[in-house]
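Residue-level structure breakdown
These are the residues of each chain, in order.
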Amino acid sequence: MKRSLILLSGLLPAIASAKQPCDVLKYVDPLIGTQNGGNVFPGATLPYGLAKAVADVDGQNTGGFGTDGSNVTGFSSVHDSGTGGNPSLGNFPIFPQICPGDDLNSCSFRIGDRKRHYVNDSVKATPGLFALELETGIKAQMTVSEHAALYEFTFPPGDEHPLVMLDLTDLWQSRQNASIRIDEKTGRMTGNGTFLPSFGAGSYQMHFCTDFFGADVHDTGVWVNNRAGDEPKQLYVTRGFNLFYLEAGGYARFKTGADRKLTVRMGMSFKSVGQACSNAEKEISKPLEDFNRLVGAAKNAWREKLSPISVKSGGASDNILKSFWSGAYRNMIAPQNYTGENPHWDSSRPYFDSFYCIWDSFRVQHPFLTLVDPNAQIQMVNTLLDIYKYDGWLPDCHMSFCNGWTQGGSNADVVIADAYVKNLSSTIDWDLALKAVINDAENEPLEWSFHGRGGLASWKKLDYIPYLDFDPAGFGTNSRSISRTLEYAYDDYCIASMAGGMGQKDVESKFLRTSMNWRNLWKADQVSLINGTDTGFKGFFQPKYQNGTWGYQDPIACSALAGFCSLTSNPSETFEASVWQYLFYVPHDSASLIELLGGDDAFIKRLDYFHTIGLADISNEPVFLTVYMYHYAGRPALSAKRIHTYIPKSFNATPGGLPGNDDSGAMGAFFFFSVLGLFPVAGQNVYLINPPFMEEISLTHPITGKKATVKCKGFDAAYKNIYIQSATLNGEPWTKSWLSHEFFTNGGTLELTLGSEESKWGSKAEDRPPSMKSGSTSSMSKQF
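Remember, it's a predicted structure, so these values are computed and weren't measured experimentally.

The next thing to look at is the overall build of the protein chain. When you go through the protein chain residue by residue, the secondary structure sums to 18 helices and 33 strands. The C-alpha radius of gyration of the protein chain comes to 27 Å, within 12% of the 28 Å expected for a compact globule of 784 residues. Burial statistics for the protein chain: of 784 residues in total, 65% are counted as buried. The contacts of the protein chain with a sequence gap of at least 6 include a subset with a gap of at least 24, amounting to 71%. For the protein chain, the accessible surface area stands at approximately 26,000 Å², while carbon and sulfur atoms represent 49% of it.

Take a look at the structure:
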């Protein structure tokens, strides 16, 4: 069994760096990514918290709120962050209003009638707090505990009885059925509903418990469509006739004091109404006094989570600092800690959900957590193994206790292998982990659309996934034959790495062989044209039929030059990326790929073309590693040059400052590692060295307490000196263009001397990142 780090009995105290001159929360802006399709959740949350309170809008609302000047439709207490596609969660929104003439029949209940603009300059978002003012003059601010939200509404002066309604819906309007009961004396509203996940199969139940404080109840009742009445005090609603969506819920009106304030506490649970109520009562026991306490506790929790990181900016701009710290912050919003909320099983240990989706997050988000919050990452790996143990399969996507759609390979294999090769923890059952990843590779589920792998009969017989495969053993979208072949090959490499480390050499050899299956879709004479003009490059991956003959996919299809490919609307033989982009996805055997393309110079020429002609899509995760692939051809300086093009062009600290969907923090993690100057190759014990975007950055390992520092000699904030001239590791010369995870767990100092011209540093064959061209995973062993 592989040697593992021993967990300390408790977390080490947060270490305050002398180089950190001010509160890092000053640089966290939750509104980054609330425009331009970033889909981030900008509201109040604790790290990994279930409760996530924010205003929901009818514009960019996948994460609830967007700074696009759209209308507020409600305030809800659970959300996901950075997801694509349909809006996620946003269950049981509440909405405050004043009924004209104090007439209940004059109030607006349906979404399209009640929605109101927010005052643009009233929006305030900081860790643990969200606030805004509606154009009606109603002011709202909100904060959270782990499982409950606390709202404070201030109404304009007047004699009317303010109304707060609760809508039995979610952001996606996926409700199948729901119920509500209102206590006429206290106004307490309780109930639940059945909803659909926004990117997956099945359904989930959510329960709520809403209480009101600071004002006396005037009247209560229910509403349906746009009419309300004070009888009855309970309601059960289905979806509606012939898919017509029936809008319904409950309301309460109040006699407020002179301050015109009303406090609302909302507990949430996936298990029961009783648990929703007890969560709220326990965590927010004094709702009229707890608001500032909760905000302060949230800020302290975020400071603690960010405390392993310290920087010396060296004059780096606030734009860089805010994007860096905000990216780190967003990576600890999700996955979410649903411990004690699992309605299906109780494994007596922490449970996380909202892996949304691992195809996006395995590349940089989970490696980020391994560095900055390894205890949470350990719990997440154990959660994946719990899901395997109780569900029979590792997920590729999972949200609200539902299976999400599989986008590519079985990429939980990469997350687990990454944890293994980085010695994450002895508390992980590695024997179970190896069994789980082998199950992905060997056994095809009936429904491989949401876990496992499809086409395994052909994979085992033909050594590739065929175009238009005949696969009666299981069912999924019969597409992505190229990307699935490439991803399955890398997944198998990751399995081989684990098996080899655990002494199972036969298993290692078997999966090393299948990890080379990517070669079987290589068509050496395939050319690529753009607008009818030959690009001059020959040799691309192409789909292949079961009989061994070639199919065809235009190498630029699914790129920014030809239109996006979606799993649900226009599936192709690559997923969300072109053949051009997947050309570079052989992370375990880049040396062989370079050889196929004609050597270092030919590889660099093609990589340059890819990144400069508009084929590279920095808004989506598959492109991330390609930015740094120059390392494998002995030109790490070109990786530095490339990232210094992408960062200022595509990232900034504005609401539209992300190039695309944040994908649970993946965009933020890409920025973080790029600024850090050490970029992870997920699934391997490899970090690619680049000059940081700050003079000095340190990470103090939360388990070992050791500090790893990357510092620059010759740093300039104008970024004229972006090329490494030489490097030392703990005072000794370091010529390799990469290092291993032991740098972070053992601590040390990597000092980079920078200059304005490319040098020969990292160019020798022996100094390049490892590749399995030698035919063994041993080339990936630690080098530090």
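After that view of the structure, there is still more to cover.
Looking at where N661 falls in the secondary structure, it is placed in the loop between α16 (636–650) and α17 (666–676). A distance of 3.5 Å separates the side chain of N661 from the backbone oxygen of G82, its partner in a polar contact. Within the structure, the side chain of N661 is placed 3.0 Å from the backbone nitrogen of D663, a separation counted as a polar contact.

Right, let's talk about the state of the cysteines for a bit. In the structure shown here, the tally under the stated rule is 4 disulfides. Shown here is the disulfide that connects C209 with C277, its sulfur atoms set 2.2 Å apart. Disulfide C209-C277: torsion about the S-S bond near 95 degrees, hence right-handed. Of this pair, C209 sits in strand β13 (residues 204–213) while C277 sits in helix α2 (residues 273–283), and the two are 68 residues apart along the sequence. For C209, a relative accessible area of 0% puts it in the buried group.

This part covers α2. Of the residues making up α2, those classed as buried are A276, C277, N279, A280 and E283. One face of α2 carries all of its buried residues, which in axial projection span an arc of 160 degrees.

Right, let's get into the UniProt feature "domain: Glycosyl hydrolase family" (unreviewed entry) in the protein chain. Residues annotated by UniProt as "domain: Glycosyl hydrolase family" (unreviewed entry) correspond here to residues 275–756. Measuring from the first to the last C-alpha atom of residues 275–756 gives 61 Å, for a span that is 38% helix and 14% strand.

Strand order in the open sheet formed by 6 strands is β19-β28-β29-β33-β30-β31, and the pairing between neighbours is mixed. With partners counted over all chains shown, the strands left at the sheet margins are β19 (309–312) and β31 (732–733), one partner each. Judged from the 6 bridges that link them, strand β29 (residues 707–713) and strand β33 (residues 748–755) form a sheet pairing that is parallel. Bridging from a neighbouring strand, A708 pairs with G748 of β33. Lying on the sheet, α17 is in contact with β19, β28 (696–700) and β29; it crosses β28 at an angle near 115 degrees.

On to the sheet that holds strand β26 (residues 678–680). Pairing within the open sheet is antiparallel, and its 3 strands lie in the order β26-β27-β32. Among the strands making up the open sheet, the edge pair consists of β26 and β32 (738–739). As paired strands, strand β27 (residues 687–689) and β32 are joined by 2 bridges and run antiparallel to one another. Its bridge partner lying in β32, L688 is registered against W738.

Of all hydrophobic cores here, the largest spans 236 residues; its most connected members are F75 and L750. It is helix α11 (residues 481–501) that provides the largest number of residues to this core, a total of 11 residues. In this structure, this core is formed jointly by two domains, domain 1 (24–303) and domain 2 (309–767), each of which donates at least three residues. With 8 residues, the next largest nonpolar core counts L129, L150, I284 and F291 among its residues.

With their axes 8 Å apart at the nearest point, helix α4 (residues 318–330) and α17 run at an angle of 130 degrees to one another. As summarised for this structure, α4 and α17 are arranged oblique, according to the angle between their axes. For the crossing formed where α4 meets α17, the hand is left-handed. When α4 is examined against α17, the residues I320, S323, F324, G327, A328 and R330 are found in contact with a partner set consisting of M667, G668, F671, F672 and V675. Along the lines of polarity and charge, the residues of the contact of α4 with α17 split into 7 nonpolar, 3 polar and 1 charged.

Given 3.6 residues per helical turn, the α-helix brings residues three or four places apart onto the same face. With 15 residues, α16 extends 21 Å between its outermost C-alpha atoms, agreeing within 8% with the 21 Å of an ideal straight helix rising 1.5 Å per residue. The element α16 is extensively covered by neighbouring structure, given that 11 of its 15 residues are classed as buried. Within the span of α16, buried status applies to P636, A637, L638, S639, A640, R642, I643, H644, Y646, I647 and S650. Next to the buried residues of α16 lie α4, α15 (600–612), α17 and β30 (723–729).

Attention now moves to the packing of aromatic side chains. Evaluation of the coordinates by the stated rule reveals 48 aromatic pairs. An angle of 10 degrees between the planes, with centres 4.8 Å apart, marks the rings of W345 and Y390 as stacked. Here the residue W345 occupies a position in the loop between β20 (336–337) and β21 (352–353), and Y390 occupies one in helix α7 (residues 374–391), the gap between them amounting to 45 residues. W345 sits in the buried class, given a relative accessible area of 16%. A relative accessible area of 41% means that Y390 is categorised as partly exposed. Between the aromatic rings of Y628 and F679, the centroid separation amounts to 4.4 Å while the plane-to-plane angle is 20 degrees, which identifies the pairing as stacked.

In the segment running from A334 into P335, the intervening peptide bond is cis, with an omega of 0 degrees. On the secondary structure map, P335 appears in the loop between α4 and β20. Residue Y356 is joined to C357 through a cis peptide bond whose omega torsion reads 0 degrees. By secondary structure assignment, the location of C357 is in the loop between β21 and α5 (358–361). One non-glycine residue, L89, adopts positive backbone phi at about 60 degrees. Among the structural elements, L89 can be located in the loop between β3 (71–76) and β4 (94–97). In this structure, R260 takes a positive phi of about 55 degrees despite not being glycine.

What counts and how
- Residues numbered from 1 in each chain as written.
- Predicted model: local features only at pLDDT ≥ 70, side-chain atom pairs only at ≥ 80, totals over all residues.
- Heavy atoms only, no water.
- Helix = DSSP H or I, 4+ residues; strand = E, 2+ residues; numbered from the N terminus.
- Rg over C-alpha atoms; globule rule 2.2 N^0.38 Å.
- Buried < 20%, exposed > 50% of the residue type's maximum accessible area, 1.4 Å probe, protein only.
- Contact = heavy atoms within 4.5 Å.
- Areas by Shrake-Rupley, 256 points an atom, 1.4 Å probe, with all protein chains shown as cover.
- Polar contact = N/O pair within 3.5 Å; in protein donor to acceptor, adjacent residues only side chain to side chain.
- Disulfide = S-S within 2.5 Å.
- Arc of directions from axis to C-beta.
- UniProt positions renumbered as here; feature names shortened; annotations may be inferred.
- Pairing = 2+ DSSP bridges.
- Axes fitted to C-alpha atoms, helices over the stretch in contact; angles between N-to-C directions.
- Core = buried A, V, L, I, M, F, W, Y, C linked by side-chain atoms within 4.5 Å.
- Domains from an automatic or database assignment.
- Parallel < 35°, antiparallel > 145°, perpendicular 65-115°, else oblique.
- Left-handed = near helix turned anticlockwise from the far one by under 90°.
- Nonpolar A, V, L, I, M, F, W, Y, C, P; charged D, E, K, R; others polar.
- Expected span 1.5 Å × (residues − 1).
- Phe/Tyr/Trp six-rings, centres within 6.5 Å; stacked < 30°, edge-to-face > 60°.

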